[in-house]
Amino acid sequence: QSLLLDGILHLRVALKAWCSQSLSNHKAYDAKRLLNSIAIDTECFAQDEMKTLVFSLVNDRCKHNPCQKCTTLASSARGRNHELNYQFKRYIYDSGMVKARASTFRKQLIRAQKLSKDICIYCIHGELLQDLILRFNGCRYYADGKFSSVAVAELTAAIATILGQMDENMDVETADKSNLPISCTIIGLLNSARTLFYFLLNQDSESNDSTVDEDMKEAQTLENIMKDALIHCVIQFLGSYNCRIVQAASSFLAIAFAYEKNSRVHSLGAKAFALLKKSLETVGNCEAVREVVEVLSRISDQFAASMVGFLVELFSEICKSIEKAADENQKAESVLSLIVVIASSQPRAILTHFDSFYDCFKHKTLSSKVHKQLIACLLSCRLAQPTSFEGQKKFYANISDSLNLITDPWSVFQLGRHSLCTGNYEVAAEIFGNRLQRSISSSSSYLWLSILSAVANAEDELVRGGICAIPSTLVMLHSAKNQVLSLELVSGSCNIQIEILTLRIDFLDLCIATSNMCEEMRLTNTQGPCFTRNELHQQNLPRCFNILARRYENVYKEYGIFYCQQTRSTLRSQCSLCKFMADAVQKTFSGQTSGMAALGSFPKGDKSRLQMQLINKLKVQMLELSSSSVQPKIQAVALLDIVNTILKCPAISYPQGFTSLKRTPKPVRIFISSTDVFDFDSKSFKEIKVQQGRKLYLRLYGCIPETFFRASKIAFSQVFATLTSSFDGPLQYEGDESGKVLKEDLEYQESISISKELLPASQVMEGEITTGSRFIIDAVLPPFPKEAFYSIDVDLFIRDVRCGEFQLPTNLDGERIIVEVSAHSGMDKSTTKAA
């Protein structure tokens with residue numbers, strides 16, 4: 001080990017010398033990447049490498065202008081998109097080199113073109129620092145606390161130093177501007193701090209545990225102080241004149257605020273609001289501050305109301321200037337898009353500005369894009385309205401007239417999708433039905449619009465009629481599902497639509513069963529007697545709702561990685577709703593509950609969403625009626641009211657992913673090998689033979705393809721497999737008539753999970769040319785208890801830095817590996833599987 005360590009030390013010295021003397025930024029970049037890999041693999045140079053990169057970002061000064069991508073604002077610069085782009089760059093092999101594998105000249109030409117492009121040394125340092133923090137920590141619950149504490153201290157000191165340099169030279173006319181940091185440096189530090197905050201979230205709740213010693217509490221308190229100092233420093237960058245710096249600061253603060261306590265966020269919200277106003281007035285680009293405004297609006301209704309009031313005033317001023325300068329339409333569209341973001345989280349914040357939005361349609365100089373955003377603002381208000389509100393007909397009539405101002409079919413479709421996701425089912429049915437079907441020439445597009453129109457009509461009838469409208473709603477939903485199955489044969493990209501419609505139909509069926517049980521309980525004023533049909537139904541209903549919740553969770557894990565945040569949050573909310581219904585039904589019919597307070601182990605950010613707020617209010621109402629002194633008929637009527645409220649509420653809406661047809665990537669191919677098995681065919685998965693009392697060693701390896709990385713909406717860092725072994729049948733030898741199966745055999749189940757890091761991009765895999773990331777997972781299964789046949793189910797998952805887990809489709813889905821366990825080492829006796 002000492003020889004290896006000495007060799008690594010010499011290698012690091014040589015690589016550092018190469019970095020300092022190299023004339024090519026590309027070669028220096030390769031050397032720095034190797035230094036990063038050494039620090040991550042050895043785990044003893046990580047802090048030194050991190051400090052070196054931070055020092056380089058702060059103190060290195062050379063004649064270098066900001067690169068083009070650090071001065072222009074683009075959608076790829078958002079925090080989430082930046083992570084996805086970097087992930088794709090790291091894990092995907094150069095597809096151009098793969099296509100040119102037969103031509104040496106073509107390979108050299110592509111490499112020469114790649115090397116001829118200049119790269120920014122400061123952007124490189126920022127990317128390397130993010131890579132070091134992300135790969136060294138892995139996932140939040142497995143992160144190195146000491147490394148994270150040192151990193152947050154270094155980044156706080158670095159950003160404070162930059163702010164000090166900027167303040168010293170702000171008012172001095174003769175100051176040396178060359179000493180000021182460029183935007184690439186600031187953006188690199190802000191993006192690195194954002195990556196680091198993934199591993200510093202939710203630490204306050206853990207520190208309240210009584211088992212934590214005083215040293216841990218002191219360390220946690222010091223870390224919280226450093227976090228607060230870092231947040232205060234980054235807030236000041238919201239007032240920068242550089243859009244990319246503002247966007248990087250917004251992405252960081254969105255992560256920091258989303259998981260902080262509300263009391264601490266409120267104290268920082270006022271300072272952030274003042275600087276956001278300054279940024280919107282001077283820079284005028286609302287896209288740069290979108291992320292932090294969305295998070296703060298979801299947490300604080302006061303912030304949302306203040307920000308909407310300011311944006312409405314800003315929009316009215318822009319409308320006045322549009323009459324003189326038509327190019328202000330783009331700025332007006334940006335302001336309205338930010339109002340739509342706030343309205344999605346706090347729709348009540350814009351109810352007081354209804355008349356102002358209606359008056360804006362009178363401006364003839366507004367473009368169709370501005371009109372589209374105005375209509376989206378009005379549609380978002382529906383989430384704050386009851387089932388039927390005053391002026392509802394006038395509201396929808398005004399929206400219908402406003403739709404005539406938009407001629408672009410795609411813009412109209414986007415409004416229809418927004419209507420379906422905000423509970424405006426009447427508007428969605430009109431858009432997908434009358435307005436778009438007339439201009440469609442493709443048969444598949446017409447079928448897809450017919451499906452969306454049928455779903456919107458069904459939900460509109462359900463919102464109007466509640467429980468009484470369930471039968472007619474089910475007829476339309478079944479018709480829509482059959483049409484989706486027909487569309488699946490043509491397009492092959494309707495997986496999530498089929499799943500969501502099936503779950504919705506099952507949920508309504510359970511609501512009908514719940515309603516029938518409540519009616520019987522209301523009439524008899526007694527719970528179901530023992531050993532009767534009523535008791536059986538009352539016991540099965542909570543189980544069915546829990547099963548439905550697990551099915552929603554499975555859809556979230558299987559498809560959530562390919563869709564937006566709104567889709568994932570809606571699926572999680574539907575899962576929590578089913579769990580709430582299971583607890584409410586069980587409490588009403590049996591007087592017991594399986595945990596009314598726990599609605600699912602989902603992210604903290606979901607608690608502030610409208611769907612979860614409704615569930616929490618219904619939960620409080622249900623707990624008030626849980627007393628044994630309340631008569632059964634009153635509890636039954638209360639449960640009927642809860643079910644009716646859920647069915648009529650527009651906040652329980654469809655996910656946005658339901659309205660988009662996407663082809664999910666092909667299943668990941670998993671190859672299995674083992675040196676401790678007999679007669680094992682890894683492609684047909686026929687049978688493994690192993691001796692009783694011996695462990696089973698399996699190696700799972702494969703490649704996550706490029707198409708999966710392109711379709712993914714979440715950056716992930718780990719892949720892990722879950723192997724579940726269960727009893728499959730007794731083992732019989734020839735001439736042996738015994739084949740009894742014991743109850744303890746049927747209950748046998750053993751599950752293990754093994755996680756590994758993804759390997760860099762690979763070009764060759766099993767003799768094929770691929771462009772993806774490899775994984776190799778070694779699993780050791782414990783000895784099986786007795787001679788028998790066992791089956792092994794293999795599930796492959798990925799895990800992001802926040803420990804969100806999503807399942808990957810594989811070639812082993814629906815397949816089982818059969819293991820024959822025998823006491824004979826030679827396997828010379830003939831065996832059969834008992835029927």
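Numbers given to residues run from 1 along each chain, matching the order in which its sequence is written. It should be noted that, the model being predicted, local features are given only for residues of pLDDT at least 70 and side-chain atom pairs only at 80 or more, the latter also being counted only at that level, while totals for whole chains, interfaces and linings use all residues. Derived side-chain values reflect all non-hydrogen atoms in the structure, with water molecules and hydrogen atoms excluded from consideration.

Enquirer: Please clarify how the overall build of the protein chain should be interpreted in this entry.
Expert: Strands are runs of DSSP state E lasting at least 2 residues, helices are runs of H or I lasting at least 4, and numbering of each runs from the N terminus. The secondary structure content of the protein chain amounts to 30 helices and eleven strands. Each of the 835 residues in the protein chain was classed as buried or not, and the buried ones make up 52%. Residues count as neighbours in contact if any of their non-hydrogen atoms are within 4.5 Å of one another. For the protein chain, restricting intrachain contacts to residue pairs at least 6 apart in sequence, the fraction spanning at least 24 positions comes to 77%. The cut-offs for exposure are 20% and 50% of the maximum accessible area for each residue type, with area from a 1.4 Å probe on protein chains only; residues under the lower value are buried, those over the upper are exposed, and the others partly exposed.

Enquirer: So what exactly am I meant to see when it comes to the packing of helix α2 (residues 25-42) against helix α7 (residues 121-137) here?
Expert: At a minimum axis distance of 10 Å, the contact between α2 and α7 shows a crossing angle of 15°. One finds that α2 runs roughly parallel with respect to α7. Crossing geometry of α2 relative to α7 is assigned as right-handed. Contacts from Asn 25, Tyr 29, Lys 32, Arg 33, Asn 36, Ser 37, Ala 39 and Ile 40 in α2 reach Ile 121, Ile 124, His 125, Glu 127, Leu 128, Asp 131, Leu 132, Arg 135 and Phe 136 in α7. All residues other than Ala, Val, Leu, Ile, Met, Phe, Trp, Tyr, Cys, Pro, Asp, Glu, Lys and Arg, Gly among them, are scored as polar; the first ten of these are nonpolar and the last four charged. Residue composition of the contact of α2 with α7, grouped by class: eight nonpolar, four polar and five charged. Where helices are involved, their axes are fitted lines through C-alpha atoms of the stretch in contact, as for all axes, and angles between N-to-C directions lie from 0 to 180°. Should an angle lie under 35 degrees it is considered roughly parallel, over 145 roughly antiparallel, and from 65 to 115 roughly perpendicular; all remaining angles are considered oblique. The sense of a crossing depends on the near helix, which, turned anticlockwise from the far helix by less than a right angle, makes the crossing left-handed and, turned clockwise, makes it right-handed.

Enquirer: Help me out: how do you make sense of the pattern of salt bridges in this one?
Expert: Side-chain pairs of opposite charge can arise whenever the charged atoms involved come near each other. Put simply, a salt bridge is a Lys or Arg side-chain nitrogen that is within 4 Å of an Asp or Glu carboxyl oxygen. All chains considered together, the criterion is met by ten salt bridges. Between Arg 12 and Glu 49 there is a salt bridge, with its nearest N and O atoms 3.4 Å apart. Taken together, the positions of Arg 12 in helix α1 (residues 2-21) and Glu 49 in helix α3 (residues 46-59) put the pair 37 residues apart, joining distant regions of the chain. For the pair Arg 12 and Glu 49, one class covers both residues: buried.

Enquirer: Mind showing me how you'd approach α2 here?
Expert: Given 3.6 residues per helical turn, the α-helix brings residues three or four places apart onto the same face. Residue count minus one, scaled by 1.5 Å, sets the expected span of a helix. For α2, with 18 residues, the first-to-last C-alpha span of 26 Å sits near the 26 Å given by 1.5 Å per residue. Listed as buried for α2 are His 26, Ala 28, Tyr 29, Ala 31, Lys 32, Leu 35, Asn 36, Ile 38, Ala 39 and Ile 40.

Enquirer: Would you mind showing me how to read the packing of aromatic side chains here?
Expert: The description of two aromatic rings rests on the distance between their centres and on the angle between their planes. Centres within 6.5 Å make a pair out of two Phe, Tyr or Trp rings, where for Trp the six-membered ring is used; the pair is then stacked when the planes are under 30 degrees apart, edge-to-face when over 60, and tilted otherwise. Taken as a whole and assessed by the stated rule, the structure comprises 14 aromatic pairs. Between the aromatic rings of Phe 197 and Phe 252, the centroid separation amounts to 4.9 Å while the plane-to-plane angle is 75°, which identifies the pairing as edge-to-face. Of this pair, Phe 197 sits in helix α9 (residues 183-197) while Phe 252 sits in helix α12 (residues 243-258), and the two are 55 residues apart along the sequence. Summarising the burial analysis for this pair, Phe 197 and Phe 252 share the class buried. Geometrically, the ring pair formed by Tyr 654 and Phe 658 is tilted, given 5.1 Å between the ring centres and 50° between the ring planes. The exposure class of Tyr 654 is buried, given its relative accessible area of 5%. You can call Phe 658 buried: its relative accessible area is 0%. Following the ring pairs from residue to residue traces out a cluster consisting of Trp 410, Phe 413 and Phe 432.

Enquirer: What exactly am I supposed to notice about the nonpolar core here?
Expert: If you look at soluble globular proteins, the nonpolar side chains tend to sit buried side by side. Counting residues in hydrophobic clusters, the biggest one holds 240 residues, and the most contacted among them are Phe 257, Met 307, Phe 507 and Leu 723. In terms of residue count, helix α24 (residues 495-524) provides more of this core than any other element does, 13 residues in total. Apart from residues lying up to four places away in sequence, Met 307 is in contact with Phe 273, Leu 276, Leu 280, Val 293 and Ile 342. Put simply, a nonpolar core is a bunch of buried Ala, Val, Leu, Ile, Met, Phe, Trp, Tyr and Cys residues held in one set by side-chain atoms that sit within 4.5 Å of each other.

Enquirer: Explanation requested: the environment of Ser 576 in the structure shown.
Expert: Its place among the elements puts Ser 576 in helix α26 (residues 565-590). As for Ser 576 and Arg 550, which are separated by 26 residues in sequence, their C-alpha atoms are 9.8 Å apart.

Enquirer: Help me understand the pairing of strand β8 (residues 788-800), please; the structure alone is not making it clear to me.
Expert: Sheet faces and side chains relate simply in a regular strand, where the side chains alternate between the two faces. Here β8 lies mainly inside the structure; eleven of its 13 residues are buried. By the convention used here, strands pair only if DSSP detects at least 2 bridges between them. Bridge analysis of β8 against strand β9 (residues 805-808) gives four bridges, and the strand direction is antiparallel. Along β9, the bridge assignment pairs Phe 797 with Gln 807.

Enquirer: Just checking my understanding: could you explain the environment of Val 293 for this structure?
Expert: Here Val 293 shows up in helix α14 (residues 290-299). Judged by its relative accessible area of 0%, Val 293 falls in the buried class. Measuring from C-alpha to C-alpha, the distance between Val 293 and Leu 276 comes to 8.6 Å, with 17 residues separating the pair along the chain.

Enquirer: Just to check I follow, could you spell out α12 for this structure?
Expert: Its 16 residues give α12 an end-to-end C-alpha distance of 22 Å, which sits within 8% of 22 Å, the value for a rise of 1.5 Å per residue. Most of α12 is tucked away, with 16 of its 16 residues classed as buried. Polar contact is the term for a pair of N or O atoms within 3.5 Å; when the atoms are in protein, one must be able to donate a hydrogen and the other to accept it, and sequence-neighboring residues count only if both atoms are side-chain atoms. Sitting at the amino-terminal end of α12 is Asn 242, which places a side-chain oxygen 2.9 Å from the backbone nitrogen of Arg 244.

Enquirer: Sorry if this is basic, but what is going on with the side chain of Glu 49 here?
Expert: Residue classification places Glu 49 among the buried positions, given a relative accessible area of 4%. Side chain to side chain, Glu 49 and Arg 12 meet in a polar contact 3.4 Å long. Discounting chain neighbours no more than four positions away, the residues touching Glu 49 are Arg 12, Leu 35, Asn 36, Ala 39 and Leu 132.

Enquirer: Would you take a moment to explain the confidence of the model for the protein chain for this structure?
Expert: Regions with low pLDDT carry predicted coordinates that are not meant to be interpreted in detail. Residue-level confidence of the predictor is what pLDDT reports, using numbers from 0 through 100. Residue-level pLDDT values for the protein chain average 78, and 77% of them are 70 or greater. Across the protein chain, element-level confidence peaks in helix α22 (residues 443-465) with a mean pLDDT of 91 and bottoms out in helix α10 (residues 203-207) with 43. Here residues 595-601 scores under 50 on pLDDT; set against residues more than four positions off or in separate chains, the count is 16 contacts.

Enquirer: Looking at this model, I keep getting lost on the environment of Ile 299. Mind explaining?
Expert: Take Ile 299: it is sitting in helix α14. Judged by its relative accessible area of 19%, Ile 299 falls in the buried class. The sequence separation of Ile 299 and Lys 261 amounts to 38 residues, and the corresponding C-alpha distance is 9.6 Å.

Enquirer: Is there a simple way to explain the packing of helix α21 (residues 425-437) against α22 in this structure?
Expert: In a packed pair of helices, the relevant descriptors are the angle between the two axes and the axis-to-axis distance. Put simply, α21 and α22 touch, their axes get as near as 8 Å, and they point 155° apart. Taken together, the axes of α21 and α22 are roughly antiparallel relative to one another. Crossing geometry of α21 relative to α22 is assigned as left-handed. Taking contact as the criterion, the partners of Tyr 425, Glu 426, Ala 428, Ala 429, Phe 432, Gly 433, Leu 436 and Gln 437 in α21 are, on α22, Tyr 446, Leu 449, Ser 450, Leu 452, Ser 453, Ala 456, Asn 457, Glu 459, Asp 460, Val 463 and Arg 464.

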